[in-house]
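# Summary of the model geometry
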Amino acid sequence: MTKPRSSTARRDAAPRTMSGAAVILEALKDQGVEVIFGYPGGAVLPIYDEIFKQNAIRHILVRHEQAAVHAAEGYARSTGKVGCVLVTSGPGATNAVTGLTDALMDSIPLVCLTGQVPTHLIGNDAFQEADTTGITRPCTKHNYLVKQPEKLAEVMHEAFYVAAHGRPGPVVVDLPKDILFAECPYEGPENVEPKAYRPQVKGDSAAIERAVELIAKAKRPIFYGGGGLINAGPNASKMFTDLVRKVGAPATLTLMGLGAFPASDKRFLGMLGMHGTYEANMSMYECDVMVCIGARFDDRVTGRLDAFSPNSTKIHIDIDPSSINKNVAVDLPIIGDAASILEDMLKVWKSKGYRSNDKPLADWWGKIEAWRSKNCLAYSQTSQIIKPQHAIRRLFEKTQGMDCYITTEVGQHQMWAAQYYNFDEPNRWMTSGGLGTMGYGFPAAMGVQIAHPDALVVDISGEASFMMNMQELSTMIQYKLPVKAFIINNQWMGMVRQWQELIHGARYSESYSEALPDFVKLAEAFGGVGLRATALDELDDVIDEMIATPHPVLVDVCVTKDENCFPMIPSGAAHFEMLLGPNDHAEKPTSERGMVLV
Amino acid sequence: MTIREEEIQRHTIAVLVSNEPGVLARVIGLFSGRGYNIESLTVSEVDEINVRSRITIVTSGTPMVIEQIKAQLSRLVPVFDVHDLTLESPHVSREMALVKIRNDGEQRIEALRIADTFRARALDSTLESFVFELTGDTGKIDAFIDLMVALGEVEVSRTGVVAIARGHDLDMPVVRLNKARRRHKKAEPVK
Ligand SMILES: Cc1ncc(C[n+]2csc(CCOP(=O)(O)OP(=O)(O)O)c2C)c(N)n1
Ligand SMILES: [Mg+2]
């Protein structure tokens, strides 16, 4: 992803030496890093000295290390570059763990530098010591503890290589303080490649030919794309779109994949899965050939596994061999980069002279249109009380055509955002999919805004999630980042309340958002702008004012308190057992098997 | 969650890794974190110059789980190569045990006789004890220990399984290129 800047001029010279801290800054520059999200502390002060001495790399001082990691995620997801984080030892590193886990689950390329006590104190329970490599081993793609000065430059470059290549992910480099002071040789990134790590990029050509033939002959095909399409770069989304259109098939996307296929295209069936559309899930159930690209048959997507798309031939394209046959046995796996494989598929489609299979596809589309006519995302905005769906729909309509990026928190508002805010391009939508981290969206929006200073960046938020990382408003004021938090305030942890209502006998245990702050005053206290919409006829004006305000804005959108998010496949249910609305529920209580699932 | 009822199989897997700090923790963490079984795990450096260790893991699971285990191992950054010896080829596997038995009288003589038929060597003896060294496949060692337990008080130390494919193919050759050449060598992609 990030192209290392070449420094050929220096190649033949003997390696320069400098302090470890200087090596780190040099390596960051050579890796093309422009911005680093961080928070200082004793163990990393030598690096802060080097930051102080230069202007090439911008440091953004966050207010909590978790937010630094989410900000770097937002930066990475909206640019396709590697995000970069710097935190101190001990609590700095442990605060970063949630963000690292989030990035691992969603395959986001990050390099996180953590301070560490000096090598001779490691293992002594020294002040602010934590076993950072031990703690982060299961929540990073890889991590390093640098104990030898001569290894530092190599490790730095390798960290960026590992983060960005293959299935992307977060990499931690743990840096004992004595290494930061030690004289270290510096080498550029040209010669550094991990010895063992060589992910496969190109797909097997015989398998690709077979896949294209299956697709060309399919009577009821469906394309099911995920975050891997986004990670493979904007070109992958273009080729995916091209292929779907050539085949004439329907396409659905996961929560992570939204934007990889234009939502405005009539072939788009919407998101699939637990809160996906009826037509997407029914098409998955009844298709005869399923083409999964860069998605992983996640439990939110498949519903009950033994009833998942029982009669289809499944093609699975993924860069990570461990995604193949993990949850669902597939018929034709192809390992490699989505962009490379899509390019090859398009070539085969052309060279073999395949045509869209018009006649059977017309029947297939007939079926799909019948499902579509259920209009599963319909809602009724009848009173003056704002419906959450409507608030998001209006936000979408009013921002259409603008240079706009959306992040979200986690809960009902997140699902409504996925349903009612439509994306025609990749890299415009940032949400915590795998880990489902409340508190992700606000700092992520900050990272997006850093990368795209002139764009409109909106965090579609819930009132409970917002309070998990609201301290970042202070960062936004400091750096004049005009991020907007569009808070869907239903005064409940709505998604929790919904599960309690539908599955736990309406025992609303500890899910009410008691003692909420006044979000308008809160914004003002930080030095931002607060707006509120309490009735339908205020909504549009408030959205307009939010868009027009060149400062950080918190918008308190007071919505219906007890709205549920539909459609819904309850845990443990199959695609065809979808609940379409509130009246659907009574007849189908959740199975015992479903109760234990999350 | 399994979608097919599949039978549990035991597999011996050989893994070539870069011998760097934390690599064993990574492998073991993978097994515990994802709920896979480890029946036996052995590790030692096999290539000093290129700093590579070979790990032999005996594990069990459904074919889908075994496939996952191999894929998960392969994607660890310091892993060079993974071979499923059970699936790929006939192989030989051995472990070694040191078995200390404390007994006396007739039972002591019987222990010695059995050790002889198992080709175990006595490495140490006192008037009331022996330490036997025994090499063989897991079944043979289990059988020997069972017999010893019937004849006295027993303490056991076992190495766990090491294994290698039969025949002339070198699945994971010890490469001894010098550093300058290694830099220009393009390694095979991890399978
Ligand atoms: C860090 C974290 N803690 C707990 C949860 C569990 N959880 C999922 S949604 C949710 C409620 C979110 O409430 P709110 O932000 O108000 O969003 P709403 O569902 O009301 O739109 C909770 C507690 C989580 N996803 N993340
Ligand atoms: Mg809420």
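These numbers were taken from a predicted model, which means no experiment stands behind them. (Residues numbered from 1 in each chain as written. Chains lettered and ligands numbered in written order. Predicted model: local features only at pLDDT ≥ 70, side-chain atom pairs only at ≥ 80, totals over all residues. Heavy atoms only, no water.)

Turning next to the overall build of chain B. Helix and strand counts for chain B come out as 6 helices and 9 strands. Across the 191 residues of chain B, 41% fall into the buried class. Counted over contacts in chain B with a minimum sequence separation of 6, partners at least 24 positions apart contribute 73%. Accessible surface computed for chain B: about 11,000 Å², of which carbon and sulfur atoms make up 52%. (Helix = DSSP H or I, 4+ residues; strand = E, 2+ residues; numbered from the N terminus. Buried < 20%, exposed > 50% of the residue type's maximum accessible area, 1.4 Å probe, protein only. Contact = heavy atoms within 4.5 Å. Areas by Shrake-Rupley, 256 points an atom, 1.4 Å probe, with all protein chains shown as cover.)

Quick look at the nonpolar core now. All names here are of chain A. Counting residues in each nonpolar core, the largest one holds 82 residues, and the members touching the most others are Phe 223, Phe 240, Ile 315, Met 345 and Phe 486. Per-element accounting of this core gives the leading share, 8 residues, to helix H14 (residues 338–351). If we skip the residues at most four places from it in the chain, Ile 315 touches Ala 211, Leu 214, Ile 215, Val 289, Met 290, Val 291, Cys 292, Leu 332 and Ile 334. (Core = buried A, V, L, I, M, F, W, Y, C linked by side-chain atoms within 4.5 Å.)

All names here are of chain A. Looking at the magnesium ion (ligand 2), one finds its protein donor set to be Glu 463 (OE), Glu 463 (OE), Asn 490 (OD1) and Trp 492 (O), positioned 2.1 to 2.7 Å from the metal centre. Around the magnesium ion (ligand 2) sit 6 donor atoms, and with donor-metal-donor angles ranging over 51 to 175° the site reads as irregular. Along the chain, the residues that donate to the magnesium ion (ligand 2) are spaced as E-x26-N-x1-W. Here Glu 463, found in helix H19 (residues 463–466), pairs with Asn 490, found in the loop between strand E18 (484–489) and helix H21 (494–503); they are 27 residues apart in sequence, far enough to count as distant. Just as Glu 463 is buried, Asn 490 falls in that class too. (Donors = N, O, S within 2.8 Å, 3.2 Å for Na, K, Ca; no water. Tetrahedral: all angles 85-135°; square planar, octahedral: opposite > 155°, others 65-115°.)

Moving on, we come to the packing of helix H1 (residues 20–30) of chain A against helix H7 (residues 152–164) of chain A. Residue and element names in this part refer to chain A. Two numbers describe how H1 lies on H7: the axes approach to 9 Å, and their chain directions differ by 30°. Both H1 and H7 take part in a crossing whose hand is right-handed. Together, Gly 20, Val 23, Ile 24, Ala 27, Leu 28 and Asp 30 of H1 and Leu 152, Ala 153, Met 156, His 157 and Phe 160 of H7 make up the contact between the two elements. (Axes fitted to C-alpha atoms, helices over the stretch in contact; angles between N-to-C directions. Left-handed = near helix turned anticlockwise from the far one by under 90°.)

On to the site of ligand 1. All names here are of chain A. Around ligand 1 lies a shell of 17 residues, among which Gln 412, His 413, Gly 436, Ser 465 and Gly 494 are the nearest. At 2.8 Å from an oxygen atom of ligand 1 is found a main-chain nitrogen or oxygen belonging to Gln 412. Burial of ligand 1 by the surrounding chains reaches 76%, relative to a free accessible area of 590 Å². For the shell around ligand 1, the elements supplying multiple residues, two or more each, are helix H17 (412–420), H19 and H21. Taken together, the residues of the shell around ligand 1 sort by class into 8 nonpolar, 8 polar and 1 charged. (Near = heavy atom within 4 Å. Polar contact = N/O pair within 3.5 Å; in protein donor to acceptor, adjacent residues only side chain to side chain. Nonpolar A, V, L, I, M, F, W, Y, C, P; charged D, E, K, R; others polar.)

All names here are of chain B. Looking at chain B, the domain boundaries give domain 1 (3–88) and domain 2 (92–163). A separation of 29 Å is found between the C-alpha centroids of domain 1 and domain 2. Taken together, the 7 residues of domain 1 in the interface contact 5 residues of domain 2. Together, the buried faces of domain 1 and domain 2 total about 420 Å²; carbon and sulfur atoms form 57% of this surface. When the buried area of domain 1 at its contact with domain 2 is split by residue, Ser 40, Thr 42 and Thr 56 rank highest and sum to 62% of it. Linking domain 1 with domain 2 are 0 salt bridges, by the criterion used here. For the pair domain 1 and domain 2, the interface holds 3 residue pairs in polar contact (both at pLDDT 80 or more). Going through the elements one at a time, strand E2 (40–47) and strand E3 (52–61) are the ones with two or more residues in the side of domain 1 that touches domain 2. (Domains from an automatic or database assignment. Buried area = accessible area lost by both parts, 1.4 Å probe. Salt bridge = Lys/Arg side-chain N within 4 Å of Asp/Glu carboxyl O.)

Our focus in this paragraph is the confidence of the model for chain B. Residues and elements named next belong to chain B. Predicted confidence across chain B gives a mean pLDDT of 90, with 88% of residues reaching 70 or more. Under a pLDDT of 50 for its full length, residues 180–191 has, in the predicted model, 16 contacts with residues more than four places off or in other chains. Prediction confidence for the complex, expressed as pTM and ipTM, is 0.94 and 0.89 respectively. (pLDDT = per-residue confidence, 0-100.)

This part is about unusual backbone geometry. All names here are of chain A. Cis geometry marks the peptide bond from Phe 566 to Pro 567; its omega dihedral reads -5°. Relative to the assigned elements, Pro 567 resides in the loop between strand E20 (553–558) and helix H24 (592–595). Its identity as a non-glycine residue notwithstanding, Asp 125 has a phi of 55°, on the positive side. Mapping Asp 125 onto the fold places it in the loop between strand E5 (110–116) and helix H6 (132–136). Even without being glycine, Phe 297 reaches a positive phi, approximately 50°. Tracing the backbone shows Phe 297 in the loop between strand E12 (289–293) and helix H13 (299–302). Since its relative accessible area comes to 2%, Phe 297 is described here as buried.

All names here are of chain B. Per the stated rule, a full pass over the model turns up 21 aromatic pairs over all chains. Taking the centre distance of 5.3 Å and the plane angle of 25° together, the rings of Phe 130 and Phe 132 count as stacked. It is Arg 52 that lies over the ring of Phe 80; its NZ or CZ is 3.7 Å from the centre. The ring centre of Phe 130 lies 4.2 Å from the NZ or CZ of Arg 108, which sits over that ring. (Phe/Tyr/Trp six-rings, centres within 6.5 Å; stacked < 30°, edge-to-face > 60°. Lys NZ or Arg CZ within 6 Å of the ring centre and 35° of its normal.)

A separate point is the pattern of salt bridges. Charged atoms that come close allow side chains of opposite charge to pair. Per the counting criterion, the structure on display carries 36 salt bridges over all chains. Residues A:Asp320 and B:Arg75 are paired through a salt bridge, measuring 2.5 Å at the closest nitrogen-oxygen approach. With A:Asp320 in the loop between strand E13 (313–318) and strand E14 (332–335) and B:Arg75 in the loop between helix H2 (63–74) and strand E4 (79–84), this residue pair bridges two chains. Note on B:Arg75: relative accessible area 29%, which makes it partly exposed. Residues A:Asp556 and A:Arg532 are paired through a salt bridge, measuring 2.9 Å at the closest nitrogen-oxygen approach. With A:Asp556 in strand E20 and A:Arg532 in strand E19 (residues 529–533), this pair connects stretches of sequence that are 24 residues apart.

This next bit is on H17(A). With respect to burial, H17(A) is a largely interior element, 9 of its 9 residues being buried. Among all positions in H17(A), only A:Gln412, A:His413, A:Gln414, A:Met415, A:Trp416, A:Ala417, A:Ala418, A:Gln419 and A:Tyr420 are buried.

Another point: the sheet that holds E5(A). Residue and element names in this part refer to chain A. Here 6 strands make up an open sheet; going across it, the order is E3-E2-E4-E5-E7-E6 and the pairing parallel. This sheet does not close on itself; its edge strands, each paired only once, are strand E3 (58–61) and strand E6 (142–145). Within the sheet, the average angular offset between the axes of one strand and its neighbour, ignoring direction, is 20°. Pairing geometry for strand E2 (residues 35–38) and strand E4 (residues 83–87), over 2 bridges, is parallel. Pairing of Gly 38 across the sheet is with Leu 86, part of E4. Where helix H2 (residues 45–52) meets the sheet, its contacts fall on E2, E3, E4 and strand E7 (170–176), and the angle it forms with E4 comes to roughly 125°. (Pairing = 2+ DSSP bridges.)

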